[in-house]
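Breakdown of the fold
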Amino acid sequence: MTGKTPLRDLLDTLIELLFVRFRLARIEFIAQKERMVRLGVLALLAAALFFMAFVSLLFGLQEVLSPVVRVWVFFGLAGALLLGMLWACQAMVNNLAGQRRFLEQTLKDLQEDVSYLRGQRDMSDWSMKD
């Protein structure tokens, strides 16, 4: 017999499929790391530019506004910036959660592939997710 046994073919297919899925997960980890580094650098740059612009604005308002209006403007700015900071934190949490969902989906797909190869599921169970 020159051909492989069906069990050997199944094992080879399973191993190849596992390697493909793990390579996809590795690529996503690398891309996520690069995005996080880029995001950190851009966040630091944005924070530095924001603080410089904000200090300049405060010095300008100090000269233009009357003392009574100045108090309301400065406290109003502080409140608005606090709300903006809370919104930015929520956006970062949502972004990180979205990145986690991709990895979870990859691992779920890997489990489905293994169940197909074990014969626990067949193609009639397969649904188009794309």
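For the structure, check the block above.
A quick note: this is a predicted structure, and the numbers were derived from the prediction, not measured.

1. Considerations on the overall build of the protein
Broken down by element type, the protein carries two helices and zero strands. Taking all 130 residues of the protein together, 15% fall into the buried category. Counting only contacts in the protein whose residues sit at least 6 apart along the sequence, the fraction spanning at least 24 positions is 52%.

2. Let's talk about the pattern of salt bridges
Counting across every chain of the model gives one salt bridge. For arginine 8, the salt bridge identified is with aspartate 12, shortest N-O distance 3.8 Å. Taken together, the positions of arginine 8 and aspartate 12, both in helix α1 (residues 6-64) and four residues apart, correspond to about one turn of that helix. Using a relative accessible area of 47% as the deciding quantity, one classes arginine 8 as partly exposed.

3. Considerations on the packing of aromatic side chains
With the rule as written, the count across this model stands at two aromatic pairs. Members of the aromatic cluster, connected to one another through ring pairs, are Phe50, Phe51 and Phe54.

Scoring rules and cut-offs
- Residues numbered from 1 in each chain as written.
- Predicted model: local features only at pLDDT ≥ 70, side-chain atom pairs only at ≥ 80, totals over all residues.
- Heavy atoms only, no water.
- Helix = DSSP H or I, 4+ residues; strand = E, 2+ residues; numbered from the N terminus.
- Buried < 20%, exposed > 50% of the residue type's maximum accessible area, 1.4 Å probe, protein only.
- Contact = heavy atoms within 4.5 Å.
- Salt bridge = Lys/Arg side-chain N within 4 Å of Asp/Glu carboxyl O.
- Phe/Tyr/Trp six-rings, centres within 6.5 Å; stacked < 30°, edge-to-face > 60°.

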